[in-house]
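Here's the letter readout for the chains.
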Amino acid sequence: MKETLRILVVDDNEVDRMAVRRALTQADVCIELSEVTNGRNALATLRTATYDCVFLDDCLPDQDGLTLIQRLRAAEIKVPLVVLADQKNEEIAVEFMKAGATDYVSKSRVCSETLAQVLRHAIRIHRAEMQTALVNQQLRETNEQLLRQNQELEQQRQQIQLQNFKLLEASRLKSQFLATMSHELRTPMNAIIGFSQILLRPKFGTLTHQQTDMIERILNNGKNLLMLLNEVLDFSKLEGGRLELKPELFDLTKIINIAIAEMRSLAEAKKLSLRVDIDMQQPLVFNDPLRMRQILINLLSNAIKFTESGCIWVEVKELPKNKLAIAVRDTGIGIAPRDFKHIFEAFCQVDQSITRKYPGTGLGLAIIDSLVQMMGGKIILESQLGVGSMFRIEVPRQLSLPTTMDNLPTLNLNSHEIFCSVQNPHSSPPKSSKASMGFPHLKL
Ligand code: ADP
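These lines cover the structure that appears in this document, whether it is placed above or below. In this text, all values refer to a predicted model and were calculated from it rather than measured experimentally.

Rules and cut-offs
- Residues numbered from 1 in each chain as written.
- Predicted model: local features only at pLDDT ≥ 70, side-chain atom pairs only at ≥ 80, totals over all residues.
- Heavy atoms only, no water.
- Helix = DSSP H or I, 4+ residues; strand = E, 2+ residues; numbered from the N terminus.
- Buried < 20%, exposed > 50% of the residue type's maximum accessible area, 1.4 Å probe, protein only.
- Contact = heavy atoms within 4.5 Å.
- Phe/Tyr/Trp six-rings, centres within 6.5 Å; stacked < 30°, edge-to-face > 60°.
- Lys NZ or Arg CZ within 6 Å of the ring centre and 35° of its normal.
- Patch = residues over 30% accessible without salt bridge, like charges linked within 9 Å, V, L, I, M, F, W, Y side chains within 5 Å.
- Areas by Shrake-Rupley, 256 points an atom, 1.4 Å probe, with all protein chains shown as cover.
- Salt bridge = Lys/Arg side-chain N within 4 Å of Asp/Glu carboxyl O.
- Core = buried A, V, L, I, M, F, W, Y, C linked by side-chain atoms within 4.5 Å.
- Domains from an automatic or database assignment.
- Arc of directions from axis to C-beta.
- Polar contact = N/O pair within 3.5 Å; in protein donor to acceptor, adjacent residues only side chain to side chain.

**Details of the overall build of the protein**
Secondary structure summary: the protein contains 10 helices and 13 strands in total. With 444 residues in all, the protein has 42% of them scored as buried. For the protein, the share of sequence-separated contacts (at least 6 apart) that also reach a separation of at least 24 residues comes to 72%.

This is the structure we're talking about:
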């Protein structure tokens, strides 16, 4: 069905109005026509009703067509306006178009084809203009909304930045506090250890069995506490990026044998056999011997702590590309795959309850992890609950140190690349260390 177009003709001349009426009626358009004879009535009619097009005489009795168009546009009445001029004058036509007319037609050309064409053309242009205006309005609104969102985001960014500064400052203060406290506590602890050792020497008089037992307990507890303090101090240094490696050339086998000798009594106290397999053509390495010893002691004490019966193996071998592998393997309680990642986080233990069986700070593996990262190496973990665990570190034989402090790696516990696999760490015979060090694992 054809659309019925509402048309308004504004002309004081009855003959001209009739010509338009006739032409439009004869044209192939369906129209509903209204007529007014002056500008005032045209304005009033267009204020109250909507039309699809207005045919407008360029010279009305109460005002000229140009003034009427300006008034209509000022009143924001949006309708296609076709000016019907007595004579076609290019300059006046431009004036009308500038004021907001949609088209300008000479009355001498009024016939059904011309008017139908002008009408369709005017309506099409008007609708396109309306559409463009609508899109522009929507764009403006979207733009304003985006600007508002942008401002909100900027405010949020500033707030996050502020929170970040506060958190960094709090973290710095915490590290500083940890470092100061553990450093200050180490001095009296060393005195307690030193004087307990002196008291145990026979030249200071004989002690009763009970007294010796008590001083030995003071000594052992003091040593344990000192170890914990050292861990906290190391952790706070690593966190603040203040821990430096001190590399030197040394014989790795010596360091390993010394560490094993230190830990042997602990293993024997739990009736665990401690076996070593060092397979190295060249034992000299350029690394930090104290930190290498610390890593091994930590892994060994964990292996002893978490193993009730069976065996602990230390396996050392050379790898291609001038790398070394040190593995500590046990027949202990094992670790569930879901805990593989967490145990390397600071203060994280598989058993976090206060009634837990195994003592510790939960800092050992976090420190080892950071140290190994600083050395440019990686840690590999294989474990199976109830069967045992294997921690293997792979480090370059020769340390290449960053030149500035800024380049030193800080404790970054979430940056690991992890390949988890539940493996029996004893799936290959421990003695044949070459084969047993190559299964899928947790790579840190
Ligand atoms: P700590 O030993 O002081 O608790 P660590 O950082 O050295 O802290 O170890 C974190 C946790 O990882 C331990 O609490 C334990 O749950 C688990 N873990 C470490 N080594 C072993 C191991 N050899 N066998 C079983 N669990 C282990």
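**Digging into the packing of aromatic side chains**
Taken as a whole and judged by the stated rule, the model has two aromatic pairs. Here phenylalanine 96 and tyrosine 104 contribute two aromatic rings whose centre-to-centre distance is 5.8 Å and whose plane-to-plane angle is 35 degrees, an arrangement assigned as tilted. A residue is classified by how much of its surface remains accessible, and phenylalanine 96, at 4% relative accessible area, is buried. Lying across the ring of tyrosine 51, arginine 6 places its NZ or CZ 4.7 Å from the centre.

**Observations concerning a nonpolar patch on the surface**
Side chains of Phe177, Met181 and Leu185 sit close together on the surface and give an oily, nonpolar patch of about 280 Å² of accessible area. Inspection of the secondary structure puts leucine 185 in helix H5 (residues 112–200). Judged by its relative accessible area of 39%, leucine 185 is partly exposed.

**A word on the pattern of salt bridges**
Per the counting criterion, the structure on display carries 22 salt bridges. Of the charged contacts in the structure, one is a salt bridge between aspartate 213 and arginine 217, with a shortest N-O distance of 3.3 Å. Placement of the pair is aspartate 213 and arginine 217 together in helix H6 (residues 209–239), with a separation of four residues, close to one helical turn. Residue aspartate 213 is classed as partly exposed on the basis of its relative accessible area, which comes to 32%. By relative accessible area, which is 53% here, arginine 217 ends up exposed. Among the ionic pairs, glutamate 394 bridges to lysine 378, the shortest N-O distance being 3.9 Å. You can see glutamate 394 sitting in strand S12 (residues 388–396) and its partner lysine 378 sitting in strand S11 (residues 378–384), a full 16 residues away along the chain. With a relative accessible area of 11%, glutamate 394 lands in the buried category. Among the residues examined, lysine 378 registers a relative accessible area of 26% and is labelled partly exposed.

**With respect to the nonpolar core**
By size, the foremost hydrophobic cluster in this structure holds 52 residues, and its most contacted members are Leu252, Leu300 and Val314. Contributions of two or more residues to this core are made by H6, helix H7 (252–269), helix H8 (289–305), strand S9 (311–319), strand S10 (323–330), helix H9 (364–374), S11 and S12. The greatest single-element share of this core, amounting to eight residues, is contributed by H8. A domain split of this core shows at least three residues from each of domain 2 (165–238) and domain 3 (243–421).

**Side note on helix H3 (residues 65–74)**
Of all the residues in H3, the buried ones are Gly65, Leu68, Ile69 and Leu72. One side of H3 holds all its buried residues, which, seen down the axis, span an arc of 100 degrees.

**Section: the side chain of glutamine 63**
Assignment of secondary structure puts glutamine 63 in the loop between strand S3 (53–57) and H3. A distance of 3.5 Å separates the side chain of glutamine 63 from the side chain of aspartate 62, its partner in a polar contact. Here arginine 71 takes part through its side chain, which lies 2.9 Å from a polar atom of the side chain of glutamine 63. Apart from the residues within four sequence positions on either side, glutamine 63 is in contact with Gly39, Arg40, Leu68 and Arg71.

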